Amino acid sequence: MQRWRGQEEIPTDWGRCVLTIGVFDGVHRGHTELIGQAVKSGRARGVPTVVMTFDPHPMEVVFPGSHPAMLTTLTRRAELIEELGVDVFLVMPFTADFMKLTPERYVHELLVERLHVVEVVVGENFTFGKKAAGNVEMLRQAGERFGFAVTAMSLVSEQTDGQRVTYSSTYIRSCVDAGDVVAAAEALGRPHRVEGVVVRGDGRGRGLGFPTANVAPPMYSAIPADGVYAAWFTVLGHGPVTGTVIPGERYRAAVSIGTNPTFSGRTRTVEAFVLDTEADLYGQHVALDFVARIRGQEKFDSVDDLIAAMRRDTEQAREILSR
């Protein structure tokens, strides 16, 4: 899959394509259906499929300070989209100037003159252009004028606990924020992932007999609610690791998220105790794939009570991840 950033990286001799547009944060089940349809159309027409996304998140530019929690890094988004058979991953820098493009200019300058679209596949609630003034009907009218087709797909939803839930990035963020990583995984089609670099903490876990990897996620990462979780731990980098951990292999882990109230902590941390391994992980880029929540954050009366709880947490994580 080719990866382009901005209009300037689109080749001048670029042919026609099928295009789908969106932030695609999370690349959830609704996104995969949309992208899958674009790939299917591209192959039927014998042209490449292009996914166009944006960086930074449009909300941060339109309403500074309102950046939503991100379900996936841009790199992870590209990896997931590549797995769906897409030919080109185009990242458009979402700037103040881009935000001011009228729907007419958006279509003519970008979709027609630069990308030469033969078909555009979008969700039925798709909007575009300055002040989101463009919609699917306007896009269809432009398609009739410039000779491209428009496919608008219904949003993906399912009946859950007596209610119909529409799968969206907003819904998944709410699940993650509540610590319901099972519901988040159902909507995503895979466990919710948090990536980060292992940094040095205060070393308290090692002193308690549970040496943890203190994971520092990127800004705006969607972090599950405070508590203890069963998760898969993977070293993503390919640099040398001292110990028994092999980069790319996944390992069972018990992950604690919170402020360590037993020790009157104030800083929120993500700490992973990787089961059955020993390794120097400092500086490694790692991923945590959350499978289940074991319990909420608790303040214990003594260190001995905390250690006993950590032992129970570890065994529960081992059992959950062994199923």
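Starting from 1, residues in each chain are numbered consecutively following that chain's sequence as written. Totals for whole chains, interfaces and linings use all residues, but because this is a predicted model, local features are given only for residues with pLDDT of at least 70 and pairs of side-chain atoms are given and counted only at 80 or more. Heavy atoms from the whole structure form the basis of all side-chain values; hydrogens and water molecules are not counted.

- In the nomenclature of an unreviewed UniProt entry, the chain is known as Riboflavin biosynthesis protein of Mycolicibacterium thermoresistibile.
- Here the chain is described in UniProt, under the heading Sequence similarities (unreviewed entry), as follows: "Belongs to the ribF family." UniProt positions are given in the numbering used here, feature names are shortened, and annotations may be inferred rather than shown by experiment.

Focus: the overall build of the chain
Then comes step 1: Secondary structure follows DSSP: runs of H or I at least 4 residues long count as helices, runs of E at least 2 residues long count as strands, and numbering of each begins at the N terminus. In terms of helices and strands, the chain carries 10 helices and 18 strands.
Then comes step 2: With the C-alpha coordinates of the chain rotated into their principal frame, the extents come out at 75 × 45 × 40 Å.
Then comes step 3: Exposure is judged per residue with a 1.4 Å probe applied to protein chains only, and the accessible area is read against the type maximum: over 50% gives exposed, under 20% gives buried, and values in between give partly exposed. Buried residues in the chain amount to 48% of all 323 residues.
Then comes step 4: Taking all contacts inside the chain whose residues are at least 6 apart in sequence as the whole, residues at least 24 apart take part in 73%.
Then comes step 5: If you average the places of the 34 positive and of the 40 negative side-chain charges in the chain, the two averages end up 2 Å apart. Here, two residues are considered to be in contact whenever any of their heavy atoms come within 4.5 Å of each other. For the charge count, each Lys or Arg is scored as positive and each Asp or Glu as negative, with His and the chain ends excluded. Charged groups are reduced to one reference atom each: NZ for lysine, CZ for arginine, CG for aspartic acid, CD for glutamic acid.

A short note on the sheet that holds strand β15 (residues 250-258)
Then comes step 1: At least two bridges found by DSSP between two strands are what make those strands a pair. Spatially, 6 strands are ordered β11-β12-β16-β15-β13-β18 in a closed barrel, and the strand pairing comes out antiparallel. This sheet shows a mean twist of 45 degrees between the axes of neighbouring strands, independent of strand direction.
Then comes step 2: Pairing of strand β13 (residues 227-235) with β15 involves 8 bridges; the strand directions are antiparallel. Among the inter-strand pairings, Trp232 is bridged to a residue of β15, identified as Arg252.
Then comes step 3: Sitting on the sheet, helix α10 (residues 303-322) touches β13, β15, β16 (269-274) and β18 (285-296), and the angle it makes with β18 is about 110 degrees. Fitted lines through C-alpha atoms serve as axes, helices being fitted only where they are in contact, and the angles separating the N-to-C directions of these axes extend from 0 to 180 degrees.

Some thoughts on the pairing of β15
Then comes step 1: The pairing of β15 with β16 spans 6 bridges and is classified as antiparallel. By the bridge assignment for β16, Ala253 is matched with Val274.

What to know about the packing of helix α5 (residues 103-114) against helix α6 (residues 136-146)
Packed helices, taken two at a time, are described by the angle between their axes plus the distance between the axes.
Then comes step 1: The geometry of α5 relative to α6 is characterised by a closest axis approach of 11 Å and an angle of 50 degrees between their N-to-C directions. One finds that α5 runs oblique with respect to α6. The chirality of how α5 crosses α6 is right-handed. Of the residues in α6, those touching α5 at Pro103, Glu104, Val107, His108, Leu111 and Val112 are Met138, Leu139, Ala142 and Phe146.
Then comes step 2: Only Asp, Glu, Lys and Arg are considered charged, only Ala, Val, Leu, Ile, Met, Phe, Trp, Tyr, Cys and Pro nonpolar, and every remaining residue, Gly among them, polar. By residue class, the composition of the contact of α5 with α6 is 8 nonpolar, 1 polar and 1 charged. Note on angle classes: values under 35 degrees are labelled roughly parallel, values over 145 roughly antiparallel, values of 65 to 115 roughly perpendicular, and the remainder oblique. Working rule for handedness: look at the near helix, and if it is turned counterclockwise from the far one by less than a right angle, call the crossing left-handed; if clockwise, right-handed.

Looking at the packing of helix α7 (residues 169-177) against helix α8 (residues 181-188)
Then comes step 1: Closest axis-to-axis distance for the α7/α8 pair is 7 Å, and the angle between their directions is 155 degrees. Considering the angle they form, α7 stands roughly antiparallel to α8. Handedness of the α7/α8 crossing: left-handed. The segment α7 lies against α8, with Tyr171, Ile172, Cys175 and Val176 engaging Ala183, Ala184, Ala187 and Leu188.

Section: the sheet that holds strand β1 (residues 2-5)
Then comes step 1: Spatially, the 6 strands line up as an open sheet ordered β1-β4-β3-β2-β5-β8, and their pairing is parallel. Sheet topology places β1 and β8 (149-153) at the edges, where each strand pairs with a single neighbour. Taken over all neighbouring pairs, the strand axes of this sheet differ in orientation by 20 degrees on average, direction set aside.
Then comes step 2: Strand direction decides the pairing type here: strand β5 (residues 117-123) and β8, joined by 5 bridges, are parallel. What sits directly across from Val120, in β8, is Val150.
Then comes step 3: Packing against the sheet, α6 makes contact with β5 and β8, and its axis sits at approximately 160 degrees to β8.

Notes on the domain arrangement of the chain
Then comes step 1: With domains assigned, the chain is organised as domain 1 (1-155) and domain 2 (193-319).
Then comes step 2: Between the C-alpha centres of domain 1 and domain 2 the distance comes to 36 Å.
Then comes step 3: Across the interface of domain 1 and domain 2, roughly 590 Å² is buried in total on both sides, 55% from carbon and sulfur atoms.
Then comes step 4: Definition of a polar contact: a pair of N or O atoms within 3.5 Å, with one able to donate and the other able to accept a hydrogen when the atoms are protein atoms, and with sequence-neighbouring residues admitted only if both atoms are side-chain atoms. At the boundary of domain 1 and domain 2, one finds 2 residue pairs in polar contact (both at pLDDT 80 or more).
Then comes step 5: When its residues are assigned to classes, the side of domain 1 that touches domain 2 shows 4 nonpolar, 2 polar and 2 charged. How far each domain reaches was decided by an automatic or database domain assignment. By definition, the buried area sums, over both parts, the 1.4 Å-probe accessible area that each loses when the two are put together.

Things to note about the nonpolar core
Then comes step 1: In plain words, nonpolar cores are sets of buried Ala, Val, Leu, Ile, Met, Phe, Trp, Tyr and Cys residues tied together by side-chain atoms within 4.5 Å. By size, the foremost hydrophobic cluster in this structure holds 31 residues, and its most contacted members are Ile21, Met52, Leu111, Leu115, Leu139 and Phe148.
Then comes step 2: Elements with a contribution of two residues or more to this core: β2 (17-21), β3 (49-55), β4 (88-93), α5, β5 and α6.
Then comes step 3: Residues within four places of Met52 in sequence aside, it is in contact with Leu19, Thr20, Ile21, Gly22, Phe24, Leu90, Met92, Tyr106, Leu110 and Leu115.
Then comes step 4: Core analysis: the second largest hydrophobic core is formed by 24 residues, Ile223, Tyr251, Ile257 and Phe290 among them.

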